[in-house]
Amino acid sequence: MATSAVSQERGVQRVRRQLPTSPWLFAAPGLLITGAFILYPFVSTLINAFTDRRTLIPGEFVGLANFRELLHDDMFWIGLRNSTLYVLGVVPALVVLPLLLALLVQKNIPGITFFRSAFYTPVVASIVVVGLIWVWLLDERGLINSLLETIGVGQVGFLSDQWLLLLSAMAVTVWKGLGYYMIIYLAALANVPRELHEAAAVDGAGAVRRFRTVTVPAVRSTMVLVGALSSVAAFKVFSEVYLMAGPSGGPAGEDTTLVMLVQRTGTGLTGRVGYASAISVVVFVVTVALMLLVLRADRREEG
């Protein structure tokens, strides 16, 4: 027994001597990936924002010239307007609807796993596939317009009208994000003590009152998280509007978002990389400001 214990101890010491002694060696792969794909692009974009760099032409330092040009660029203000409207239209729905959906599928009844999987399926589906499906549904000759004509309503310009196109893209974003945020709420609801609901029911509280006085306070921190995540994602929206409106941003470019403007301005052989980087910096600043506003509102409510 003693010999076996000594052999095991020697084996452990031998393995320890062979292992790297510095913890930085273990963290090196993650640090390299973070530096190559996050830190370097961020610093590069920040530097390019103060230059007149183009795709194939190294830029020179121009100071705040790109940012001053933004103030007089009509397309920038259109993109800022549309991105802001997108946040206002999408975030409230993604904060409330997934919570109601989580309450619906929370109960353990036969077949509930199927419904949970069905609601989560759009999350794992490719946004390109989802966008093309909705374009087919909302096209002038698509399924939805065909049904509207059948009942005598007539065609609706979901993809040709400026505001309807933006609303349609919002609906796609909400539909695709419901399952993702539903899972987050399900995890939060699992930690809510059942005794709270039982006590409220004994006091005569109905379902609506229990939702308002028990469920919402218990998952309020999760609602703040969902609000922050969905705000950032909504302000940086690209794929949904791009697929439904096209590269030009719909009729006269009126449905262009800020990220679409970055892609359109900074790509191509003569792309204005410096100017597109300046727009990207604005997007970064606004998204950080949105998160700070959400957190501040949460702290004020706690106070």
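This text goes with the structure placed above it.
Each chain has its residues counted from 1, running along the sequence as written. It should be noted that, the model being predicted, local features are given only for residues of pLDDT at least 70 and side-chain atom pairs only at 80 or more, the latter also being counted only at that level, while totals for whole chains, interfaces and linings use all residues. Think of the side-chain values as coming from all heavy atoms in the structure, minus any hydrogens and water.

**Digging into the overall build of the protein**
- We count a stretch as a helix when DSSP gives it H or I for four or more residues in a row; a strand needs E for two or more, and each element gets its number in order from the N terminus. For the protein, the helix and strand inventory stands at 14 helices and zero strands.
- Mapped in sequence order, the helices and strands of the protein form the string α-α-α-α-α-α-α-α-α-α-α-α-α-α.
- In this setup the radius of gyration rests on C-alpha atoms only. A globule is expected at 2.2 Å times the number of residues raised to 0.38. In terms of overall size, the protein is more extended than a compact globule, its C-alpha atoms giving a radius of gyration of 26 Å where 303 residues would be expected to give roughly 19 Å.
- On the principal axes, the C-alpha backbone points of the protein span a range of 85 × 65 × 45 Å.
- In the protein, buried positions account for 34% of the 303 residues.
- The contact rule is simple, with two residues in contact once any of their heavy atoms fall within 4.5 Å. Residue pairs in contact within the protein that sit at least 24 positions apart in sequence constitute 67% of those at least 6 positions apart.
- Accessibility throughout is a Shrake-Rupley quantity obtained with a 1.4 Å probe, and a residue counts as covered only by protein chains that appear here. Put simply, the protein shows about 18300 Å² of open surface, and 67% of that area lies on carbon and sulfur atoms.
- Neither His nor the chain ends contribute to the count of charged residues, in which Lys and Arg are positive and Asp and Glu negative. The atom standing in for a charge is NZ when the residue is Lys, CZ when it is Arg, CG when it is Asp and CD when it is Glu. Each charge class in the protein was averaged separately, 23 positive and 19 negative side chains, and the resulting centres sit 12 Å apart. Between buried and exposed lies partly exposed: a residue is buried under 20% and exposed over 50% of the maximum accessible area for its type, with that area taken using a 1.4 Å probe on protein chains only.

**Notes on the nonpolar core**
- The biggest cluster of nonpolar side chains holds 55 residues, and the ones touching the most others in it are Leu-70, Tyr-86, Val-90, Tyr-185, Val-219, Val-241 and Ile-279.
- Among the secondary structure elements, those contributing two or more residues to this core are α4 (74–105), α6 (127–138), α8 (162–189), α11 (220–235), α12 (239–245), α13 (258–266) and α14 (273–302).
- Ignoring any residue separated from it by four or fewer positions in sequence, one finds Tyr-86 in contact with Val-91, Leu-166, Ala-169, Met-170, Thr-173, Ala-234, Val-237, Glu-240 and Val-241. Buried Ala, Val, Leu, Ile, Met, Phe, Trp, Tyr and Cys residues form a nonpolar core when they are joined through side-chain atoms within 4.5 Å.

**Let's talk about the packing of helix α5 (residues 112–124) against α8**
- For helices, the fitted axis covers only the stretch in contact; all axes are lines through C-alpha atoms, and the angles between them, taken along N-to-C directions, range from 0 to 180 degrees. Where α5 meets α8, the axes come as close as 6 Å, and the angle between the chain directions of the two elements is 120°. Compared by their axis directions, α5 and α8 come out oblique. Between α5 and α8 lies a crossing of left-handed hand. Counted together, Arg-116, Phe-119, Tyr-120, Pro-122 and Val-123 of α5 and Trp-175, Lys-176, Gly-179, Tyr-180, Met-182 and Ile-183 of α8 form the full contact between these two elements. Working definition: roughly parallel below 35 degrees, roughly antiparallel above 145 degrees, roughly perpendicular at 65 to 115 degrees, and oblique for all remaining angles. Crossings are assigned a handedness: left-handed for a near helix turned anticlockwise from the far helix by less than a right angle, right-handed for a clockwise turn.

**Overview of α11**
- How far a helix is expected to stretch is found by multiplying one less than its residue total by 1.5 Å. Across its 16 residues, α11 extends 22 Å between first and last C-alpha, which sits within 8% of the 22 Å expected from 1.5 Å per residue.
- For α11, the set of buried residues is Thr-222, Met-223, Val-224, Val-226, Gly-227, Ala-228, Ser-230, Ser-231, Val-232, Ala-234 and Phe-235.

**Description of the packing of aromatic side chains**
- Stacked, tilted and edge-to-face are the three classes applied to pairs of Phe, Tyr and Trp rings, where Trp contributes its six-membered ring and a pair requires centres within 6.5 Å; stacked means planes under 30 degrees apart, edge-to-face means over 60, and tilted covers the rest. If you walk through the whole model with that rule in mind, you get seven aromatic pairs.
- Note on Phe-76 and Trp-77: the rings are 5.3 Å apart at their centroids and 70° apart in plane angle, and the pair reads as edge-to-face.
- We classify Phe-76 as buried; its relative accessible area is 5%.
- Whether a charge sits over a ring depends on NZ of Lys or CZ of Arg being within 6 Å of the ring centre and within 35 degrees of the ring normal. Over the face of the ring belonging to Tyr-275 we find Arg-272, whose NZ or CZ atom lies 4.5 Å from the ring centre.

**Looking at the side chain of Ser-83**
- With respect to the helices and strands, the residue Ser-83 is situated in helix α4.
- For Ser-83, a relative accessible area of 0% translates into the label buried.
- In contact with Ser-83, other than residues within four places in its own chain, are Ala-234, Phe-235, Thr-257 and Leu-258.

**Thoughts on the packing of α4 against α5**
- Two numbers describe how α4 lies on α5: the axes approach to 10 Å, and their chain directions differ by 160°. One finds that α4 runs roughly antiparallel with respect to α5. In the crossing of α4 with α5, the sense of the turn from one axis to the other is left-handed. Along its contact with α4, which presents Leu-101, Leu-104 and Val-105, the element α5 presents Ile-112, Arg-116 and Phe-119.
- Considering only residue class, the contact of α4 with α5 consists of five nonpolar, no polar and one charged. Residue type decides the class: Asp, Glu, Lys and Arg count as charged, Ala, Val, Leu, Ile, Met, Phe, Trp, Tyr, Cys and Pro as nonpolar, and the leftover types, Gly among them, as polar.

**Details of the pattern of salt bridges**
- Salt bridges, as used here, are contacts in which a Lys or Arg side-chain nitrogen is within 4 Å of a carboxyl oxygen on Asp or Glu. Applying the stated rule across the entire model yields two salt bridges.
- Between Glu-69 and Arg-272 there is a salt bridge, with its nearest N and O atoms 2.9 Å apart. Taken together, the residues Glu-69 in helix α3 (residues 65–70) and Arg-272 in the loop between α13 and α14 connect sequence positions 203 residues apart.
- By relative accessible area, which is 31% here, Glu-69 ends up partly exposed.
- Classification of Arg-272 as partly exposed rests on a relative accessible area of 27%.
- Residue Arg-81 is joined to Glu-254 by a salt bridge in which the shortest nitrogen-to-oxygen separation is 3.4 Å. Placement of Arg-81 in helix α4 and of Glu-254 in the loop between α12 and α13 is noted, with a sequence separation of 173 residues between them.
- Residue classification places Arg-81 among the partly exposed positions, given a relative accessible area of 30%.

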